[in-house]
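Residues per chain, in single letters:
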Amino acid sequence: MKAVAIILAAGKSRRMSHPKANIEHEGGKSFLQSLASTFLKAGCGVLGVVGSDAAMVREQHPSMDFVTSEHWEKSLLASVKAGLEVALQEARASEPEGGFAVLLHPVDMPALRVNTVKTLLKEMERGDAKGVLVLRPEYDSALGWPLVLSQAAAEKLLLAEGEDLEKALAALNPRRLNVKDPGVIVNINTPEAYERVFTKPPVLAPPPKRRGSPKRAGGSNGSGADNASPTSYAASPEE
């Protein structure tokens, strides 16, 4: 199953001293780079959605593809739609009859495991992947991320009215899937949360030249331009 992971990194990092996408996670990788690596290893393409600190995030991740959410201040749903619009261009071209999955994940939840993503995608394949299907992981009865949407569900979410993402998702009747990965609910969105996990204040990840960039899929030229072909982030077969 072809799939694209949309990493949501458009919001203002009001409580952090740096853009959350650029904060160091592990091994010198930023939150965003760590998540991109996770999704790529699970066989997904990757698309970042930026907004408030777009220039800084792009500079830190020169090999990634991004779309800018022009209305990021309005709601999270506005940023989701900005990503969906681009991702669904590839879906319509490559899978006109459905069978394409779109994943949505916040950038401040970088502890997600590769196997969890694979499990969610396998469950989507076992279900009616061409129907309106939304999967949402849960850990210890708490709802988590990423959301996994069939192509038809993603199309419906793109057309949702209002600004409330949770309300729009509820209308799609998501199905919960219990997983053994606490990373689906670990949200590192405050300095206090970061210090609890890493025992130090939040710091920026090293500049790109000092660490490897996630392997790109589909042969993009690395410009990160919003007008890049949708196929530039289409997933390659898993290595």
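Right above here is the structure, for reference.
So, here is what we can say about the structure in this document. Just so you know, these numbers come straight off a predicted model, no measurement behind them. (Residues numbered from 1 in each chain as written. Predicted model: local features only at pLDDT ≥ 70, side-chain atom pairs only at ≥ 80, totals over all residues. Heavy atoms only, no water.)

This part is about the pattern of salt bridges. Counted under the stated rule, the structure contains nine salt bridges. Put simply, Arg 136 and Glu 166 hold a salt bridge, and the shortest N to O gap is 3.2 Å. Placement of Arg 136 in strand β5 (residues 134–139) and of Glu 166 in helix α6 (residues 165–170) is noted, with a sequence separation of 30 residues between them. Taken together, the shared-partner salt bridges connect Glu 123, Arg 126 and Arg 175 into one network. (Salt bridge = Lys/Arg side-chain N within 4 Å of Asp/Glu carboxyl O. Helix = DSSP H or I, 4+ residues; strand = E, 2+ residues; numbered from the N terminus.)

Let's shift gears to the packing of helix α1 (residues 31–41) against helix α4 (residues 114–126). At a minimum axis separation of 8 Å, α1 and α4 run at an interaxial angle of 45 degrees. Taken as axis vectors, α1 and α4 run oblique relative to one another. Regarding α1 and α4, the two cross each other, and that crossing is right-handed. On α4, the residues touching Thr 38, Phe 39 and Lys 41 of α1 are Val 114, Val 117 and Lys 118. (Axes fitted to C-alpha atoms, helices over the stretch in contact; angles between N-to-C directions. Parallel < 35°, antiparallel > 145°, perpendicular 65-115°, else oblique. Left-handed = near helix turned anticlockwise from the far one by under 90°. Contact = heavy atoms within 4.5 Å.)

This part is about helix α3 (residues 76–94). Compared with an ideal rise of 1.5 Å per residue, which puts 19 residues at 27 Å, α3 spans 27 Å between its outermost C-alpha atoms and is within 8% of the ideal. Of all bends in α3, the biggest is about 25 degrees, found at Ala 87. (Expected span 1.5 Å × (residues − 1). Bend = angle between axes of the 7 residues up to and from the residue.)

The next point concerns the packing of α3 against helix α5 (residues 151–158). Between α3 and α5, the shortest axis-to-axis distance is 9 Å and the interhelical angle comes to 135 degrees. By the angle between their axes, α3 is oblique relative to α5. For the crossing formed where α3 meets α5, the hand is left-handed. Here α3 contributes Leu 77, Val 80, Lys 81, Leu 84, Glu 85, Leu 88, Ala 91 and Arg 92 to the contact with α5, which in turn contributes Gln 151, Ala 154, Glu 155, Leu 157 and Leu 158. Per-class residue counts for the contact of α3 with α5 are eight nonpolar, one polar and four charged. (Nonpolar A, V, L, I, M, F, W, Y, C, P; charged D, E, K, R; others polar.)

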